[in-house]
Amino acid sequence: MSLLLVAGARPNFMKVAPILRVARARGIETTLVHTGQHYDPNMSDTFFEELGIGIPDIALDVRSGTQAQQTARVMERIEPVIVERRPRWVVVVGDVTSTLAAALVGAKLAPQIGCRVAHVEAGLRSFDWTMPEEVNRVVTDRVSDLLLIPSAEAADNLAREGIPAERIVFVGNVMVDSLLYQLDRARQATVRAAAGIDQRPYVLVTLHRPSNVDDASRLAVILEALGELAREIRVVFPLHPRTRLSIERFGLGARLAGIDARPPTGYTETVALLDGATAVLTDSGGVQEETTVLGVPCVTLRAQTERPVTVTHGTNRLVAWPITRHGLVSAGREAIGRPRLGAGTCLPAGWDGRAAERIMDALVP
């Protein structure tokens, strides 16, 4: 019995870490493949260190490129790895390009080597086909043998698409496993001091989606709104590499005046910043989940979310779409004024820190 566990980008690392820990504890042979879709040390190496993953067994080093180029490189480079290792399961997580590419190769090799594909975080849908991640989710689910879902609505989504119920297993949210695993450390005084957390209230901003940062006019509106909020409350804004490059390319650097813009943060520091925030403005799927667990008011800068449970059972709200300066400022102020809930108050079913154990139970019954 062996697993080949694939991670490619920052959101994947928090999902594979708990699975890897449980697999190792149970003595299951596991190969960790890092595709290198995210290769900046601040977006990759520090996460592996902080999450206790260690050095990946195999690094594919695909690096940047168009969606097609990255997909092709991952497929080309992971195929000989799967053929050589002959795993029982190819396990992919999330919805990034590497997820789709590895799942496609695993599905195509199944008749030859007898492997099967398992998708962790299956069944999530934004119903927004302009998002590359939505294409990745749907296609990955279609070619996977085992669909490991984080929340109840995911099963409904898959049923509407004709996926047989016997291929679907509810395991809960593995991202929460990593959050709870790291939370005590993130609350240490030294970590909070390193993150610049003091008695002053602040809003944390994370922004990286192409729909927001690759559109010059929308990015300008967002930065204008953040600048207005920064005159009322401290705004902490770790800049994703894609966002930083867009700000430079569009000549919007002056609009960061008054904003606490900083380099990308590691996972522990990110958790500390989330935990200490008065409110969070984000376009990240994972941050919607993390703020729900921590009880922090969150505004999502997107038209839809593939994680509606964070709205119905959590602390998340969607900004009025399309984004306007007034709409974003109003949503930010509403979130700042919203009472913060205690951590663990808004926990959907299966968000209990034990999802990785249920994943392994499903893979190795």
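You'll find the structure just up there.
In this section: the environment of T291. On the secondary structure map, T291 appears in helix α13 (residues 285-294). T291 sits 147 residues away from S144 along the chain, and the two C-alpha atoms are 29 Å apart. Excluding residues within four positions of it along the chain, T291 makes contact with L274, V280, V296, C298 and T315. Engagement of the side chain of T291 in a polar contact is seen with the backbone oxygen of V287, the distance being 2.8 Å.

Attention now goes to helix α10 (residues 216-230). Since the α-helix packs 3.6 residues into each turn, any two residues three or four apart lie on the same face. Relative to the 21 Å expected for 15 residues at 1.5 Å per residue, α10 spans 21 Å between its end C-alpha atoms, a close match to the ideal helical length. Restricting attention to buried positions, one finds in α10 the residues L219, A220, I222, L223, A225, L226, G227, E228, L229 and A230. Check the buried side of α10 and you find it contacts β8 (202-206), α9 (210-213), β9 (234-238), α11 (241-249), β11 (279-282) and α15 (325-337).

Turning next to the nonpolar core. One finds I19 and L363 to be the most contacted residues of the largest nonpolar core, which totals 55 residues. In terms of residues, this core owes the most to one element, helix α1 (residues 10-25), which gives eight residues. Not counting residues within four places of it along the chain, the set of residues in contact with L363 comprises M1, L3, W89, V91, A118 and L146. Core analysis: the next-biggest nonpolar cluster, separate from the first, contains 30 residues, V205, L223, A230 and F237 among them.

A sheet is described by the order of its strands in space; here seven strands give the open sequence β3-β2-β1-β4-β5-β6-β7, paired in parallel fashion. On the outer flanks of this sheet lie β3 (58-59) and β7 (168-170), each paired with one strand and no other. Bridge analysis of strand β5 (residues 116-120) against strand β6 (residues 146-149) gives three bridges, and the strand direction is parallel. Paired with A118 across the bridge in β6 is L146. Where helix α16 (residues 355-363) meets the sheet, it contacts β1 (2-7), β4 (89-93), β5, β6 and β7, and its direction lies at approximately 160° from that of β6.

Rules behind the numbers
Residues numbered from 1 in each chain as written. Predicted model: local features only at pLDDT ≥ 70, side-chain atom pairs only at ≥ 80, totals over all residues. Heavy atoms only, no water. Helix = DSSP H or I, 4+ residues; strand = E, 2+ residues; numbered from the N terminus. Contact = heavy atoms within 4.5 Å. Polar contact = N/O pair within 3.5 Å; in protein donor to acceptor, adjacent residues only side chain to side chain. Expected span 1.5 Å × (residues − 1). Buried < 20%, exposed > 50% of the residue type's maximum accessible area, 1.4 Å probe, protein only. Core = buried A, V, L, I, M, F, W, Y, C linked by side-chain atoms within 4.5 Å. Pairing = 2+ DSSP bridges. Axes fitted to C-alpha atoms, helices over the stretch in contact; angles between N-to-C directions.

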